[in-house]
Amino acid sequence: MGTDGTVSPETDVTYQILCGGVATGPAVTFAALDRSTKTLTVQFSSAMNPATLTASPSGTIQLGTLTGTVAMNAANTIATLTYTGDVSGALTLTVTAGA
């Protein structure tokens, strides 16, 4: 949501998932950002260790310069990240191998 309360129009998003060649561990299979609720949903190909997932500019899940909280589903395959910062601009999602 913009600072003036407006919501940007819906748009298509393209994800490029680079796993360093042969995938040897979990991979990101889906990601979606809901700007109105400031939540990012990331789905992994297999269960993750929640203790290794941190949402910050230097964490294992990076969304620009934002810091957020991470909640996992019961199977530890879907992370829901909640941010408090401005998500209205262009953002790059990076999930590192340490996750």
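Below: a short report on this structure. (Residues numbered from 1 in each chain as written. Predicted model: local features only at pLDDT ≥ 70, side-chain atom pairs only at ≥ 80, totals over all residues. Heavy atoms only, no water.)

**Some thoughts on the side chain of T39**
So, point 1. Structurally, the position occupied by T39 is in strand β2 (residues 39–44).
So, point 2. Since its relative accessible area comes to 17%, T39 is described here as buried.
So, point 3. Polar contacts involving the side chain of T39 include one to the side chain of T37, which spans 2.8 Å.
So, point 4. Once you skip the residues sitting within four places of it in the chain, T39 turns out to touch A32, L33, D34, T80, L81 and T82. (Helix = DSSP H or I, 4+ residues; strand = E, 2+ residues; numbered from the N terminus. Buried < 20%, exposed > 50% of the residue type's maximum accessible area, 1.4 Å probe, protein only. Polar contact = N/O pair within 3.5 Å; in protein donor to acceptor, adjacent residues only side chain to side chain. Contact = heavy atoms within 4.5 Å.)

**Some remarks on unusual backbone geometry**
It is generally the case that most residues other than glycine have a negative phi and that most peptide bonds are trans.
So, point 1. One non-glycine residue, K38, adopts positive backbone phi at about 55°.
So, point 2. In this structure, K38 sits in the loop between β1 (28–34) and β2.
So, point 3. What makes K38 partly exposed here is its relative accessible area of 28%.
So, point 4. The backbone of N76 sits at a positive phi, close to 60°, despite the residue not being glycine.
So, point 5. When you line up the elements, N76 lands in the loop between β4 (68–72) and β5 (78–83).

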